[in-house]
Structures are given as C-alpha cells and as structure tokens.
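# Topology and contacts: notes
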Amino acid sequence: DTAVSQTPKYLVTQMGNDKSIKCEQNLGHDTMYWYKQDSKKFLKIMFSYNNKELIINETVPNRFSPKSPDKAHLNLHINSLELGDSAVYFCASTVTGSPLHFGNGTRLTVT
Amino acid sequence: GEDVEQSLFLSVREGDSSVINCTYTDSSSTYLYWYKQEPGAGLQLLTYIFSNMDMKQDQRLTVLLNKKDKHLSLRIADTQTGDSAIYFCAEPYSGNTPLVFGKGTRLSVIA
C-alpha cells in the first residue's frame, strides 16, 4: 500500500523519559512534516524537511529533535518528556504543489 | 497564512445540507483545502480549490471561494451520519506547501 505510516500508534510514557516516533512514506515525496494536534484538535506545524534538509522549525522546545536519514523517513525524538507534550503527532508528506498526505497519527500520553 | 478561522461546531439533521465556513488571511494562496478527520483517524484530503476558481463541485460537495472577502465554504448536500467528523480548512504557509490549519469545525449529524 502506498501511504504515510507512523509508529507507534499509541505511546504511553512517564515524565522525564526520552521517546521516538517514526515516520515513513513510500509516495516518492520530497518533503515531510511533523504536526502536533492538541486536546482541542488544533493542528500546528512543528517541522518541515525537504530532501533531508530542515526548512521549517516553528517555535518548538529544543527537546524535540527531528531526524531525516533519507527522503522517505522523518523521525521525531523527544527528550525529557513533559505532561504538556501529550498530544497526537501527525507526520505528513508532499511533493511541491500537491496536497499533504497524512499518517494516522501517534497518540502520545505522558503520565 | 497565519490565521485561518472557522466556527468550532455545527449540528445538522440527516438529509439537510451542511455549510462550513472559513476565512483565511493570505491573498496569495494558490490552493485552499478542506480536510476531514474522523474520530481516532488522521486527516484525509476532502477537496481543494484553485484560487482562480469561484466554485468547485464534486458529487455532494460544493466549495465556494470569495477571494475578495477571503472566505471559503464547504457545502455538503444530503448530509449523512457518516459525514460526522471534524472539517479543517487549510491554506499554504508563506506561499509554500506546508499548510496552516483552521481550528476545525466539528460536524454532528442527527439522525
């Protein structure tokens, strides 16, 4: 199946831990994103990578570090997790001029 | 585009038409998008309209664009219970593809 896939789907962890979320797309897109959706369903862009280069970095704590080993992957590593990091994180991809294709999200719960 | 505004809730009876409204800020936006998010799922592209169009029809969906007022609307004819979801209006971020989303309109369809 052609898609944007994220793992894990659910992630429950304690404050202070470090965790990673992985994203892969097999659509041949050259740009990938991370969006955060809070409990009110508001969506905000966090990062954007084009051909493995960071092109957008919104006001996000530096505990969040994206890593793009190649065009098809964009992972999100989060250090020292805080309660406020609880949200659904969406990966998305596109090629210039086309709509975004989203993954199904990773629901992160920090306890 | 920095601010995309939508009303947060809409409730309609099954079989009626639904109209979801959105105002955007960036007059240079080339495309404007509607995404649908069903409970527990990611965002699916529903439809989009190119900025040189006033209207686009796709089966039960009609998108109207008023560039002068920067107003976008999505009309769903013969609304069904399966249309219950959150609908997001989106415009490109600073002229590039990354999207800025409205806060989403939660459509509830009453049988």
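Refer to the structure above for everything that follows.
Presented here is an overview of the structure given in this document. Every value quoted in this text rests on a predicted model; they were computed, and no experiment measured them.

## Considerations on the state of the cysteines
Residue and element names in this part refer to chain A. All told, the structure shown has two disulfides over all chains when counted by the stated rule. Between the sulfur atoms of Cys23 and its disulfide partner Cys91 the distance amounts to 1.8 Å. A torsion of -75 degrees about the S-S bond marks the disulfide between Cys23 and Cys91 as left-handed. Highlighted residues: Cys23 in strand E3 (residues 19–25) and Cys91 in strand E9 (residues 87–94), separated in sequence by 68 residues.

## Some words on the sheet that holds strand E1 (residues 5–6) of chain B
Residues and elements named next belong to chain B. Taken together, the five strands give an open sheet; going across it, the order is E1-E3-E8-E7-E6, and neighbouring strands pair in antiparallel fashion. Pairing within the sheet leaves two strands with one partner each, and these edge strands are E1 and strand E6 (55–58). Of the pairings in the sheet, the one linking strand E7 (residues 61–66) to strand E8 (residues 71–76) comprises six bridges and is antiparallel in character. Within the sheet, the bridge partner assigned to Thr62 lies in E8 and is Arg75.

## Some remarks on the pattern of salt bridges
All names here are of chain B. Applying the stated criterion across every chain, the model contains five salt bridges over all chains. Between Asp83 and Arg60 there is a salt bridge, with its nearest N and O atoms 2.9 Å apart. Pair noted here: Asp83 is in the loop between E8 and strand E9 (85–92) and Arg60 is in the loop between E6 and E7, with a separation of 23 residues, a long-range link. What makes Asp83 buried here is its relative accessible area of 6%. Residue class for Arg60 comes out partly exposed when judged on its relative accessible area of 32%.

Scoring rules and cut-offs
- Residues numbered from 1 in each chain as written.
- Chains lettered and ligands numbered in written order.
- Predicted model: local features only at pLDDT ≥ 70, side-chain atom pairs only at ≥ 80, totals over all residues.
- Heavy atoms only, no water.
- Disulfide = S-S within 2.5 Å.
- Helix = DSSP H or I, 4+ residues; strand = E, 2+ residues; numbered from the N terminus.
- Pairing = 2+ DSSP bridges.
- Salt bridge = Lys/Arg side-chain N within 4 Å of Asp/Glu carboxyl O.
- Buried < 20%, exposed > 50% of the residue type's maximum accessible area, 1.4 Å probe, protein only.

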